[in-house]
Amino acid sequence: MASINLIESFQDFKDAENIDRPTLMKVLEDVFKTLLRKKYGSDENFDVIVNTEKGDLEIIHRRTIVENGQVENPVAEIAYSDATKIEPDFEVGEELFQEVDILDFGRRAILAAKQTLASRISDLKKNSLVKKYADRVGEIISAEVYQVWKKEVLLLDEDGNELIIPKSEQIPSDYFKKGENIKAVVKKVELKNNSPVIILSRTHPSFLAKLLEIEVPEIFDGLIVIRKIVREPGERAKVAVESYDDRIDPVGACVGMKGSRIHGIVRELKNENIDVINWTNNTQLLIQRALTPAKVSFMEIDTERKHANVYLKPDQVSLAIGRRGVNIKLACELAGYEIDVFRDDENQTEEFDIDLDEFADEIDTWVIDELKRIGCDTARSVLDLTTEELERRTDLEKETIEALRKVLEEEFQKG
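Residues numbered from 1 in each chain as written. Predicted model: local features only at pLDDT ≥ 70, side-chain atom pairs only at ≥ 80, totals over all residues. Heavy atoms only, no water.

A. Summary view of the nonpolar core. Membership of the largest hydrophobic core comes to 24 residues, with the highest contact counts inside it found for Leu208, Leu212, Leu269 and Ile274. At the level of elements, helix H5 (205-215), strand S10 (224-232), strand S11 (236-243), helix H7 (250-255), helix H8 (260-268) and strand S12 (273-278) are the ones that each hand at least two residues to this core. With 4 residues, H5 is the single largest residue contributor to this core. Among the nonpolar cores identified, the runner-up in size contains 23 residues, and Ile277, Met299, Ala308 and Ala320 belong to it. (Core = buried A, V, L, I, M, F, W, Y, C linked by side-chain atoms within 4.5 Å. Buried < 20%, exposed > 50% of the residue type's maximum accessible area, 1.4 Å probe, protein only. Helix = DSSP H or I, 4+ residues; strand = E, 2+ residues; numbered from the N terminus.)

B. Inspection of unusual backbone geometry at higher detail. Backbone torsion omega between Thr292 and Pro293 reads 15°, so that peptide bond is classified as cis. For Lys258, which is not glycine, the phi dihedral falls at a positive 55°. Secondary-structure assignment places Lys258 in the loop between H7 and H8. We note that Asn271 has phi near 65°; this positive angle belongs to a residue other than glycine. Among the secondary structure elements, Asn271 is positioned in the loop between H8 and S12.

C. The pattern of salt bridges, seen in detail. Applying the stated criterion across every chain, the model contains 30 salt bridges. Here Arg236 makes a salt bridge to Asp275, at a shortest N to O gap of 2.8 Å. Here Asp275 lies in strand S12 and Arg236 lies in strand S11, a separation of 39 residues in the sequence. Grouping residues by exposure puts Arg236 and Asp275 together as buried. (Salt bridge = Lys/Arg side-chain N within 4 Å of Asp/Glu carboxyl O.)

D. Fine view of H5. Where H5 is concerned, the buried positions are Phe207, Leu208, Leu211 and Leu212. Considered in projection along H5, the buried side chains sweep an arc of 135° and stay on one side of the axis. (Arc of directions from axis to C-beta.)

E. Main features of the sheet that holds strand S8 (residues 181-192). Judged by pairing direction, the barrel is mixed, and its 5 strands sit side by side in the order S5-S6-S7-S9-S8 before closing back on the first. Going from strand to strand, the sheet's axes swing by 50° on average, the running direction of each strand aside. Of the strand pairs in this sheet, strand S5 (residues 140-148) and strand S6 (residues 152-156) are connected by 4 bridges, and their pairing is antiparallel. Among the inter-strand pairings, Val148 is bridged to a residue of S6, identified as Val153. (Pairing = 2+ DSSP bridges. Axes fitted to C-alpha atoms, helices over the stretch in contact; angles between N-to-C directions.)

F. View of the packing of helix H9 (residues 283-290) against helix H11 (residues 326-335). Close contact between H9 and H11 brings their axes to 9 Å; oriented N to C, the two are set at 150°. When the axis of H9 is compared with that of H11, the two are roughly antiparallel. The hand of the H9/H11 crossing is right-handed. On H11, the residues touching Leu286, Ile287 and Ala290 of H9 are Ala331, Leu334 and Ala335. Counted by class, the contact of H9 with H11 contains 6 nonpolar, no polar and no charged residues. (Parallel < 35°, antiparallel > 145°, perpendicular 65-115°, else oblique. Left-handed = near helix turned anticlockwise from the far one by under 90°. Contact = heavy atoms within 4.5 Å. Nonpolar A, V, L, I, M, F, W, Y, C, P; charged D, E, K, R; others polar.)

Right, here's the structure in full:
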């Protein structure tokens, strides 16, 4: 008979390693039994034998040999004279097993079976892929970059399945090259046009959570639990942790000796600053810790409105706000409170202050903008910081800082 090697779909079968063999056999059997029912009206007297290793298939027709002229059902019975033409030694009452030539079904029927088979295999692969990744949502996987596009990056897993990282799920400073392996967390599995789309993410909090789980055995073992993670991907993250063992310092365990555990994660996240803090149910203490690295002087909390007014020393204000306001934004998310920051001028003499914009004629606009960036928007807020501190926290040179301090000091001396 003609081997079903002529149906290329068998090759798909052999390649579909993630589909279990019994399922594959059942699909092949179903497809060809459908052919048999169309041709013979029934498939009861036929055995479909599949060999997925070789990529071929046999169909055996079983019939009982009856006396000549006694055939009532040609599908189930065969006349003695016809049986002896096949094999002279046959006797009435015996069963005759005869192989069916696939070509007997006709070209059109074979083509229809081929299409049905390909469609069923495709559906099986899709369902298998959806199940595989639906079970892995929240897990970190490593995949190879296959194609880099403007709005997304296409990756291939170890089985050659296509995965996607949209631009929105990439860290802003991520730069991928074809062929490199990258880590990401499985965010979700979608169906688009009946095809599975596996979305990965490097910006989701769960990516950082899983990286910590890998690096910190105490988290993996459940001795330390991550209460909350908030992130501004590539910029800053805040992780609130709690220990179930009083002997374990959760922050120290996460950071590691000399930062050994956290450094690898920071590199993976493109130098994202990670603040690890102790979780607490004390709202005031949580807000205070959430504003790390700034040191809070005191605060006023409105629990009903979930609002906090936080007062800090002048040199701590810019630290609390952070670059582009990221630190205070994350602190609000972590604590679940709206936080407003104020200068604690309690120990300052009640002297007038001047807005930096008033010095636009004497100080370049870009210098004023740089000072505002670190939270200094008045003359006194600048003078409250040392030259060294201003030099460290801004992009201004020492000579520029000294010159602008002189301008600001002269203004107060006039008064």
